[in-house]
Amino acid sequence: MIYYLIIDDEPIAHRIIENYCENLMHLEKKGNCYNAFEAIEFLNENSVDLLFLDINMPKLSGFDFLKTLPNPPKIIVTSAYKEFALEGYELNVSDYLLKPFGFERFIKAVNKTIDNAQNKKSITAGPTNEAEPKTNSFFLRGDKKYHQIHFDDLLFIEAYGHYCKVYLKNDMIISHQKISDFEQLLPKFNFIRTHKSFIAAKDKIKQIEGNRILIDKYKVPIGQTYKENIMMLL
């Protein structure tokens, strides 16, 4: 579970973020603060994993507040001002959401933040240890709906023109996401790029035969430049 705090002087911003987070089972709200001083007091007594932080707030800006934290949690900036983006990344924020932002962009920011945190833990643990991800699912837009995709149900992904086909155990969803987005999103200990147009779940591979992989009833090709990836499985 990822515990988050919203810091923003606009109540409507709190409602939007809360509504988005209600659709993400791995996020749980810890509190709401409407200025930096409330946040300082809150964090003196509570710990959180993630801050949704506005920049333009009265008395003390979001970035000035951030500079006061000795060990800040992960930060997703939510701002109507794009000119502060560079300073945000210099302060090592995880992502910068420009208001107004949609649900799909919000999900991408959250998934990126969690993925980056997990990669950092894996590096700290050492190259021989592969840590499990904090989450086992993500949300994907398809057919004008948002589907929760569990890693265990995912067989493989196929690039399909400007779309991607996401093959599940009992379904197939067409998504506007690029295959490079999925490659960054999916945990590398469990998924492997086999071809410029395919990503496969390692634990769903039945056979490796020549230049193809058998997954369920499907045949997934192995690209010439990705053969080394497959050899690492053997």
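Look up a bit, the structure's there.
Described in the following lines is the structure provided in the data block.

Cut-offs and rules
- Residues numbered from 1 in each chain as written.
- Predicted model: local features only at pLDDT ≥ 70, side-chain atom pairs only at ≥ 80, totals over all residues.
- Heavy atoms only, no water.
- Helix = DSSP H or I, 4+ residues; strand = E, 2+ residues; numbered from the N terminus.
- Contact = heavy atoms within 4.5 Å.
- Areas by Shrake-Rupley, 256 points an atom, 1.4 Å probe, with all protein chains shown as cover.
- Lys, Arg positive; Asp, Glu negative; His and termini not counted.
- Charge placed at Lys NZ, Arg CZ, Asp CG, Glu CD.
- Pairing = 2+ DSSP bridges.
- Axes fitted to C-alpha atoms, helices over the stretch in contact; angles between N-to-C directions.
- Salt bridge = Lys/Arg side-chain N within 4 Å of Asp/Glu carboxyl O.
- Buried < 20%, exposed > 50% of the residue type's maximum accessible area, 1.4 Å probe, protein only.

**Overview of the overall build of the protein chain**
Looking only at helices and strands, the protein chain has seven helices and 15 strands in total. Each principal axis of the C-alpha distribution contributes one length, and for the protein chain these read about 65 × 40 × 30 Å. A sequence separation of at least 24 residues applies to 49% of the contacts in the protein chain between residues at least 6 apart. When the accessible surface of the protein chain is split by element, carbon and sulfur atoms take 49% of a total near 13,200 Å². The average position of the 30 basic charges and that of the 31 acidic charges among the side chains of the protein chain differ by 7 Å.

**What to know about the sheet that holds strand β3 (residues 50-53)**
Pairing within the open sheet is parallel, and its five strands lie in the order β2-β1-β3-β4-β5. One side of each edge strand has no neighbouring strand; the edge strands of this open sheet are β2 (27-33) and β5 (95-98). Between one strand axis and the next, the sheet turns through 20° on average, direction left out of account. By the bridge criterion, four bridges tie β3 to strand β4 (residues 74-79) in an arrangement that is parallel. The residue of β4 that forms the bridge with L53 is V77. The strands that helix α2 (residues 36-45) touches are β1 (2-7), β2 and β3; relative to β2, the one it contacts most, it runs at about 125°.

**Observations concerning the environment of A109**
Looking at the secondary structure, you find A109 in helix α5 (residues 103-125). Separated by 31 residues in the primary sequence, A109 and T78 place their C-alpha atoms 11 Å from one another. Not counting chain neighbours up to four residues away, the residues in contact with A109 comprise I76, D95 and L97.

**Quick look at the sheet that holds strand β11 (residues 191-195)**
One open sheet holds the five strands; their spatial order is β10-β9-β8-β12-β11, and the pairing between them is antiparallel. The strands lining the two open edges of the sheet, one partner per strand, are β10 (172-175) and β11. On average, each strand axis in the sheet is tilted by 20° relative to the strand beside it, whichever way the strands run. One ladder, built from three bridges, connects strand β8 (residues 154-160) with strand β12 (residues 198-201); its direction is antiparallel. Looking at β12, one finds that E158 is bridged to F198.

**As for the pattern of salt bridges**
In total, this model carries nine salt bridges according to the counting rule given. Between E10 and K99 there is a salt bridge; the shortest N-O distance is 3.8 Å. Placement of the pair is E10 in the loop between β1 and α1 (11-21) and K99 in the loop between β5 and α5, with a sequence separation of 89 residues. Its relative accessible area of 38% is what places E10 among the partly exposed residues. The partner of E183 in a salt bridge is R193, and the shortest N-O contact between them spans 2.6 Å. Here R193 lies in strand β11 and E183 lies in helix α6 (residues 179-185), a separation of 10 residues in the sequence. You can call R193 buried: its relative accessible area is 12%. Bridged by salt links that share partners, the residues D8, E10, D54 and K99 form one connected network.

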